[in-house]
Amino acid sequence: MNKSQLQQHDREHLLHPFTDFHDLGNQGTRVITSAEGAYITDIDGHKMLDGMSGLWCCNLGYSRREISEAIYEQLNKLPFYNSFFQCTTVPSIELADMLAEVTPAGMNNVFFTGSGSEANDTNLRIIRRYWDLKEQPEKRIVISRKNAYHGSTIGGASLGGMSGMHKQFQSLDYIEHIQQPYWFGEGGDMSPEEFGVHAARCLDEKIQELGPEKVAAFIAEPIQGAGGVIIPPETYWPEIKKILDQYDILLVMDEVIFGFGRTGEWFGADYYGMKPDLMTFAKAVTNGYFPLGGTMVSDRVAEVIKSKGGEFTHGYTYSAHPAACMAGIATLNILREEKIIETVRDTTGPYLAKRWAELADHPIVGEARTLGLVGALELVKDKNSRARFDDDCTAGGVCRDMSIKNGLVMRATGDTMIIAPPLILTIEQIDELVEKAHRALDDTARAMA
Ligand code: PXG
């Protein structure tokens, strides 16, 4: 099939995730045909630096044969066996061991799933099971945050705080949402430090309002990813820690985007010095090459679930799929052997921070922020008042298209441009990324004038 035939068949038969089918019908899809290192190429031969690592997952880029060969070899040896009914496979045990080593101290158990959404549903099941076994069944409510993203299953989407999603389904009734720590968008006249404490105190207020005896858990991404790379002010997590220490409430950190090195530490929890009870992961655990997710379970929770007896009636056919686990093992080996995370922490992260900060001087940029190898740009019409161009976030869409035209994949969340490039990016590629982003901003400013 040629390009237009592919686009026509795509339109006729493929229902895409998070897509306006009317727009898709008018524009046609971009057909990506190959990839190498940190670059993807489309069917027209247009090569782009992938500033989004696929979908926040190909952290080691696209050319890691060690991972694809590990999958292939496993498929030839034992392509599938389940981990139900007292069965197990060698790769699943080995990966569980490795995860216990790289995750924060005291997290020594893993429940494997096929995705991040399934892992957050698993968290909801574990939370309830834990409090039931502790004979506190009245602890039912899970507190999350507005504009959070925790997946697309009913459980994941209920935990998430995106209003556009909530309009399209019926949320679980035991989930509550508090303010997000988005200083640029919601901080008003407060300093970032003041606002960080303010946003964290919303958790305390919500717990008081609901009654601590009814609150089972608080779930949060260390940094909101899909919500627009919202890096909380430095005062936020320490204040949350204080509040959680005060009440008997579980902490779930959703590390689906920030796990496996993006902050320059293994997990966002390490970066912020937090001690979660449950930790969701997916995406980069296999470098995106094979579907795998899961939740790390702390000793505190695992001991209750394991020792009290009785079946935990939960699991997925693909929990601990052997080929997925081999992909995970190969990925973790590369991260360790090539000291990828240390390089992000010591070299490429600081260099991106320096170069990205230069974009803040651009006339349509209200804020440029980074941490490790993620970044965001707030597009504004007026730098001082932080006023946007319009209510429809036109600038974000324009900037995304200009970026692609200039050979860089940047994603738009409203009028916030975001990047999460592969962690293997070199200094020269960071220069290339910033220069292309700069050109995209110039083109956007011209188009919006
Ligand atoms: N938690 C977080 C924090 C995520 O970012 C999920 C859970 C769900 O994972 P699965 O594997 O079920 O997709 C995610 C996924 C975007 C975008 O546009 C982000 C995600 C997925 C799709 C698009 O930024 N994150």
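The residue count restarts for each chain, going from 1 along the sequence in the order it is written. pLDDT decides what is reported in this predicted model: residues at 70 or higher carry local features, side-chain atom pairs at 80 or more are listed and counted, and totals for whole chains, interfaces and linings draw on all residues regardless. The side-chain values count all of the structure's non-hydrogen atoms but skip hydrogen atoms and water molecules.

K.L.:
Please explain the nonpolar core as it appears in this structure.
P.N.:
Generally speaking, soluble globular proteins have nonpolar side chains that are buried together. Residue types Ala, Val, Leu, Ile, Met, Phe, Trp, Tyr and Cys, when buried and joined through side-chain atoms within 4.5 Å, form a set referred to as a nonpolar core. Working definition: with a 1.4 Å probe on protein chains only, accessible area under 20% of the residue-type maximum means buried, over 50% means exposed, and in between means partly exposed. Counting 105 residues, the largest nonpolar core has Phe-218, Phe-260 and Trp-356 as its most contacted members. Put simply, DSSP marks the helices as runs of H or I at least four residues long and the strands as runs of E at least two long, and each gets a number from the N terminus on. The dominant element in this core, judged by the number of residues it contributes, is helix α14 (residues 322–337), at ten residues. Per the annotation, domain bounds derive from an automatic or database assignment of domains. The two domains that each donate at least three residues to this core are domain 1 (31–63 + 339–448) and domain 2 (66–337). Every residue pair with non-hydrogen atoms within 4.5 Å of one another is taken to be in contact. In contact with Phe-218, other than residues within four places in its own chain, are Ile-143, Ser-144, Arg-145, Ile-178, Leu-203, Tyr-236, Ile-240, Leu-244, Ile-249, Leu-250, Leu-251 and Val-252. Core analysis: the second largest hydrophobic core is formed by 22 residues, Leu-124, Trp-131, Val-301 and Val-304 among them.

K.L.:
Hey, could you run me through the sheet that holds strand β3 (residues 47–50) in this one?
P.N.:
Picture the strands of a sheet paired through backbone hydrogen bonds; they go either parallel or antiparallel. Taken in spatial order, the four strands make up an open sheet running β1-β2-β3-β13, and their pairing is mixed. On the outer flanks of this sheet lie β1 (32–36) and β13 (408–409), each paired with one strand and no other. Note: two strands are recorded as paired if DSSP finds a minimum of 2 bridges between them. Across three bridges, the pairing between strand β2 (residues 39–42) and β3 is antiparallel. What sits directly across from Thr-41, in β3, is Lys-47. Against the sheet, helix α17 (residues 427–448) makes contact with β2, β3 and β13, and its axis sits at roughly 110° relative to β3, the strand it touches most. Every angle, taken between N-to-C directions, lies between 0 and 180 degrees, and every axis is a line fitted to C-alpha atoms, over only the stretch in contact when it is a helix.

K.L.:
Help me understand the sheet that holds strand β7 (residues 215–220) in this model?
P.N.:
Taken in spatial order, the seven strands line up as β4-β10-β9-β8-β7-β5-β6 in an open sheet, and their pairing is mixed. Only two strands of the sheet have a single neighbouring strand rather than two, namely β4 (107–113) and β6 (175–178). Adjacent strand axes in the sheet meet at a mean angle of 20°, parallel and antiparallel pairs treated alike. For strand β8 (residues 250–254) and strand β9 (residues 278–281), the ladder comprises three bridges, and the chain directions are parallel. Across the sheet, residue Met-253 finds its bridge partner in β9, namely Met-279. Relative to β4, helix α5 (residues 90–102) is tilted by about 135°, and along the sheet it contacts β4, β9 and β10 (293–298).

K.L.:
Help me out: how do you make sense of the environment of His-438 in this one?
P.N.:
Here His-438 is to be found in helix α17. On the accessibility criterion, His-438 (34% relative accessible area) is partly exposed. When the C-alpha atoms of His-438 and Asp-254 are compared, they prove to be 32 Å apart, with 184 residues separating the residues in sequence. Non-local contacts of His-438, meaning those with residues more than four positions away in its chain, are made with Leu-359 and His-362.

K.L.:
Please clarify how the site of the ligand should be interpreted in this entry.
P.N.:
Only a single heavy atom is needed: when it lies within 4 Å of a molecule or strand, its residue is near that molecule or strand. Neighbouring the ligand are 16 residues; Trp-56, Gly-116, Ser-117, Asp-254 and Arg-411 lie closest to it. At 2.5 Å from an oxygen atom of the ligand is found a side-chain nitrogen or oxygen belonging to Ser-117. Two N or O atoms form a polar contact when they lie within 3.5 Å of each other; inside protein one atom must be a possible hydrogen donor and the other a possible acceptor, and for residues adjacent in sequence the pair counts only when both atoms belong to side chains. For the ligand, a nitrogen atom lies 2.7 Å from a polar atom in the side chain of Asp-254. Each accessible area is a Shrake-Rupley result for a 1.4 Å probe, and residues are judged covered by the shown protein chains and nothing else. For the ligand, the protein covers 84% of the area, taking 540 Å² as the surface of the free molecule. Going through the elements one at a time, α3 (53–56) and α6 (116–133) are the ones with two or more residues in the shell around the ligand. The residue classification treats Ala, Val, Leu, Ile, Met, Phe, Trp, Tyr, Cys and Pro as nonpolar and Asp, Glu, Lys and Arg as charged. All others, Gly included, are polar. Looking at the shell around the ligand residue by residue, the classes come out as six nonpolar, six polar and four charged.

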